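An overview of the molecular structure
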Amino acid sequence: MSFQEIKRTLGVALWFVFLTFPIMVIRVNQVDMTIQWRWYNMFYVGIGTFVGGLIWRFALARRKTPGKPAPAATTKTDTNETPADSAGGGSIKDRFARLWGTVTQQKYRRPIYAAGLVLLLAFPILSSLYQTSIMITALIYVMLALGLNIVIGLGGMLHLGYIAFFAVGAYTYGILYKFFGIGFWVALPLGAILATLAGVLLALPVIRLRGDYLAIVTLGFAEIVRIVFNNLTPITGGPQGIGGIPRPSLFGIDMNLSAATTYTYYIIVAAVALTIFVVWRFENSRLGRALVAMGEDDIAAEAMGIDITRTKVIAFALGSFWAGLGGVIFASRTTFINPASFTVWQSVIVLSCVVLGGMGSIPGVIVGALGLILIPEYLRAFSDYRMLMFGAILVTMMVFRPGGLIQKKRKAYTFQADAGEASS
Amino acid sequence: MSERILNVQDMTMDFGGLRAVNHVNITMDRGEIIALIGPNGAGKTTFFNCVTGVYTPTGGDVFINPPGEDERSIKGQKPSRIATQGLARTFQNIRLFGNMTVLENVMIGRHSRLKAGIAGALLRNRKTREEEEQVIHDSYEILKRIGLEQYVNDLARNLPYGAQRRLEIARALATEPFMLLLDEPAAGMNPQETKNLESLIKRIRDTENVSIFLIEHDMSLVMSLSERIYVMDYGKLIATGSPEEVKNNPDVIKAYLGEEVSA
């Protein structure tokens with residue numbers, strides 16, 4: 001790290017102190033009508049920015065000059081074990097990569113999955129009602145992120161209105177209950193189907209759009225849905241929403257809050273499992289491949305005989321299905337829905353789950369969603385700075401790990417060595 | 001006995017006031033290798049795009065005659081439908097699916113020859129599984145024929161340039177075309193790679209039963225490969241004939257080298 005860089009970091013820190021002066025230092029006490037000068041905050045901001053800036057520059061410099069053996073390993077050699085040069089490889093990154101390689105080996109995979117599953121199933125027993133409740137929220141987001149992953153991660157279409165389908169699912173249950181007294185288990189498939197239809201409805205006009213244009217249209221669609229729910233007072237209750245929605249029923253047994261939450265928890269776990277199963281099967285199928293190809297290059301995909309219209313509609317429909325399903329479960333969990341739960345901000349959170357976790361990668365998206373929902377819950381003490389941290393994390397991720405936490409790895413195929421050359 | 005497989009009649013393509021393709025007539029017989037040449041901006045790629053459905057020509061018509069089927073017009077059809085009927089193409093600027101593996105790229109080419117739908121994908125019944133195994137096997141065979149099998153599981157974007165060009169051809173072949181349209185396949189290749197490409201194209205024509213339509217700037221490749229050449233300039237066909245005829249055609253020389261100003 002050169003002197004020049006330290007000087008520059010210092011400059012940035014001073015500039016930050018100046019910028020944040022009005023909000024961090026001056027405070028108007030509105031009771032006594034006096035001004036408090038919190039000079040010490042200036043000091044903290046300066047030190048914090050300076051240290052943060054140094055770390056940032058250090059990390060950037062490290063990224064530009066990677067360890068000598070590292071870059072090749074990312075593409076070619078990871079199909080085989082790397083026994084030879086590992087003796088000398090000392091950087092933390094290498095060690096971590098090796099550990100990761102060991103952990104993800106085939107023989108450890110099953111026990112790890114099994115352990116995770118047991119932990120997931122035992123979670124309501126091990127923890128409090130509050131924890132279970134948070135976990136339900138997180139799992140709903142996992143489901144949303146997995147669904148959005150079909151559109152964004154596989155299809156490469158920037159979809160900013162995903163929460164609209166979530167709203168459609170939730171309101172399906174809410175309205176059906178309010179007017180017809182229909183219960184959870186009937187509403188569940190209906191909500192999913194209606195959301196799917198809404199997805200197809202949105203897909204048809206946006207077939208020709210891509211990139212930013214698609215993003216704007218989907219964003220607008222989500223706003224239209226929200227505003228309709230907000231203003232259709234006779235049916236949706238307007239901003240007051242719909243209350244008293246029943247929790248999921250189990251053969252008419254009366255359950256207390258704790259039992260009902262546990263029950264909802266298992267329902268969402270099952271729903272997430274189903275989502276994972278379907279998404280996993282879909283992405284390794286003919287249609288899934290076609291969708292990925294379309295995301296990569298739609299002109300080439302079309303020239304290879306892939307019907308873009310059909311593929312896009314399927315992607316939107318399948319993506320929306322999970323949002324609808326999640327929406328019904330969400331409505332039954334909160335027992336109250338209003339349009340404020342379905343703002344653009346929610347779409348952005350789901351999008352961030354997908355992008356941070358790793359577009360197209362199922363484990364990545366799960367980790368991303370769990371992380372983004374659970375961490376803020378457990379860091380309630382810092383809730384004032386949530387947006388600040390959110391932004392910082394996004395920027396950091398985009399600079400240092402643009403592919404997401406767990407990057408998508410394409411499936412490798414093996415062939416019998418009929419010509420003498422085995423490809424592993 | 002030659003059999004007409006492509007018949008472009010009076011094709012015109014206008015972009016606003018600009019006429020990129022101007023009343024072009026081109027025909028092609030089964031088993032031929034023909035080339036379309038011309039200076040930059042002559043409208044060659046636009047012509048390809050019109051034939052393969054990227055654009056709908058504003059005038060004229062395109063007829064194809066796939067083996068064992070009736071002659072029919074494909075004008076105005078979607079590119080995916082035209083591809084399914086046996087017209088495969090490559091692109092001037094390589095358009096591979098960069099983040100997919102080499103094998104997957106070829107498997108995408110097989111897409112239109114497969115049937116598995118959404119139910120098959122989710123249930124993964126025996127038929128779907130067998131189809132998947134078949135497509136993996138077929139795609140690998142295609143890679144072997146083109147000589148790319150050592151890259152099977154590499155990402156397409158990590159391939160050397162020449163291999164990427166060949167992968168595009170492999171992907172196009174996977175659609176089981178009766179006609180292959182190659183848009184500047186030798187662009188950016190060194191002489192050795194061009195030579196290999198030449199034998200590859202010949203081999204494809206002879207062994208895969210595919211007719212080849214070539215756009216190319218590398219004259220040595222065009223001259224040695226093609227049986228007939230069409231020359232285009234400013235959207236118009238200015239000459240056609242065997243390589244020898246075209247080489248000595250004064251209009252062609254004028255189009256490429258310009259004309260001496262006579263006072």
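Residues numbered from 1 in each chain as written. Chains lettered and ligands numbered in written order. Predicted model: local features only at pLDDT ≥ 70, side-chain atom pairs only at ≥ 80, totals over all residues. Heavy atoms only, no water.

All names here are of chain B. Pairing is antiparallel across the open sheet formed by 4 strands, whose spatial order is S2-S1-S4-S5. Edge positions in the sheet fall to strand S2 (18–29) and strand S5 (72–73), since each has one partner strand and no second. Looking at chain direction, strand S4 (residues 59–64) and S5 are connected through 2 bridges and run antiparallel. Bridging across to S5, isoleucine 64 finds its partner in arginine 72. Against the sheet, helix H1 (residues 44–52) touches strand S1 (4–15), S2 and S4, its axis set at about 115° to S1. (Pairing = 2+ DSSP bridges. Helix = DSSP H or I, 4+ residues; strand = E, 2+ residues; numbered from the N terminus. Contact = heavy atoms within 4.5 Å. Axes fitted to C-alpha atoms, helices over the stretch in contact; angles between N-to-C directions.)

Moving on, we get to the interface of chain A and chain B. If you look at the interface, chain A gives 37 residues, while chain B gives 44 residues. Of the roughly 3,700 Å² buried between chain A and chain B, counting both surfaces, carbon and sulfur atoms make up 61%. Area buried by chain A at its contact with chain B is led by Arg286, Arg289 and Met304 of chain A, which between them contribute 22% of it. Across the chain A-chain B interface, the total number found is 4 salt bridges. With its nearest N and O atoms 3.3 Å apart, the salt bridge here joins arginine 289 of chain A to glutamate 132 of chain B. When contributions to the side of chain A that touches chain B are tallied by element, the ones reaching two or more residues are helix H11 (257–283), helix H12 (286–296), helix H13 (298–303) and helix H14 (308–334) of chain A. The biggest single contributor to the side of chain A that touches chain B is H12 of chain A, with 7 residues. (Buried area = accessible area lost by both parts, 1.4 Å probe. Salt bridge = Lys/Arg side-chain N within 4 Å of Asp/Glu carboxyl O.)

Residue and element names in this part refer to chain B. Considered domain by domain, chain B is made up of domain 1 (1–86 + 177–263) and domain 2 (97–172). Counting from both sides, the interface comprises 18 residues of domain 1 and, opposite them, 10 residues of domain 2. Summing both sides of the interface, domain 1 and domain 2 together bury roughly 1,000 Å²; the carbon and sulfur share of this comes to 59%. Between glutamate 208 and arginine 145 there is a salt bridge, with its nearest N and O atoms 2.6 Å apart. (Domains from an automatic or database assignment.)

Following the criterion strictly, the structure yields 4 cavities of 30 Å³ or more and no others. Of the pockets and cavities examined, the largest cavity occupies roughly 70 Å³. If you go around the largest cavity, the residues you meet are Leu154, Glu283, Asn284, Arg289, Val292, Lys408, Lys409, Arg410, Lys411 and Tyr413 of chain A together with Glu104 of chain B. Within the lining of the largest cavity, the residues separate by chemical class into 3 nonpolar, 1 polar and 7 charged. (1 Å grid on protein atoms, 1.4 Å probe; cavity = no way out; pocket = protein on both sides within 12 Å on 5 of 7 lines; lining within 4 Å. Points joined across faces, edges and corners; volume = space filled by probe spheres on them. Nonpolar A, V, L, I, M, F, W, Y, C, P; charged D, E, K, R; others polar.)

Side chains on a regular strand alternate between the two faces of the sheet. All names here are of chain B. The buried count for strand S9 (residues 228–233) comes to 5 of 6 residues, which makes it a mostly enclosed element. Inspection of the sheet shows strand S3 (residues 33–37) paired to S9 by 4 bridges, in the parallel sense. When the sheet's bridge partners are listed, alanine 35 is paired in S9 with isoleucine 229. The sheet contact formed by S9 and strand S10 (residues 236–241) spans 5 bridges and is antiparallel. Counted as the bridge partner of aspartate 233 is lysine 236 from S10. Counting the residues that bridge the hairpin from S9 to S10 gives 2 residues, and of these tyrosine 234 lies at a positive phi of roughly 45°. (Buried < 20%, exposed > 50% of the residue type's maximum accessible area, 1.4 Å probe, protein only.)

Residue and element names in this part refer to chain B. Reading across the sheet, the 6 strands line up as S6-S7-S8-S3-S9-S10 and stay open at both edges, with mixed pairing between neighbours. If you trace the sheet from one side to the other, it starts and ends with strand S6 (87–89) and S10, each paired once. Neighbour to neighbour, the strand axes of the sheet diverge by 20° on average, direction disregarded. Packing of H1 onto the sheet brings it into contact with S3, S6, strand S7 (179–183), strand S8 (211–215) and S9, and relative to S7 it is tilted by some 150°.

Segmentation of chain A into domains returns domain 1 (1–65) and domain 2 (116–352). Relative placement of domain 1 of chain A and domain 2 of chain A: their C-alpha centres are 41 Å apart.

The description of an aromatic ring pair rests on the distance of the ring centres and on the angle between the ring planes. All names here are of chain A. What the rule picks out here adds up to 24 aromatic pairs over all chains. Judged by centre distance (5.0 Å) and plane angle (80°), the ring pair of phenylalanine 184 and tryptophan 185 falls under edge-to-face. We classify tryptophan 185 as partly exposed; its relative accessible area is 40%. An aromatic cluster of three or more residues is present, and its members are Phe166, Tyr171, Phe229, Phe330 and Phe342. (Phe/Tyr/Trp six-rings, centres within 6.5 Å; stacked < 30°, edge-to-face > 60°.)

Here we take up a nonpolar patch on the surface. Residues and elements named next belong to chain A. A contiguous nonpolar surface patch, about 680 Å² in accessible area, is contributed by Ile375, Leu379, Phe382, Tyr385, Leu388, Met389 and Ile393. Broken down by element, the residue count for the nonpolar patch peaks at 3 residues, all from helix H17 (residues 386–400). When you line up the elements, isoleucine 375 lands in helix H16 (residues 362–378). (Patch = residues over 30% accessible without salt bridge, like charges linked within 9 Å, V, L, I, M, F, W, Y side chains within 5 Å. Areas by Shrake-Rupley, 256 points an atom, 1.4 Å probe, with all protein chains shown as cover.)

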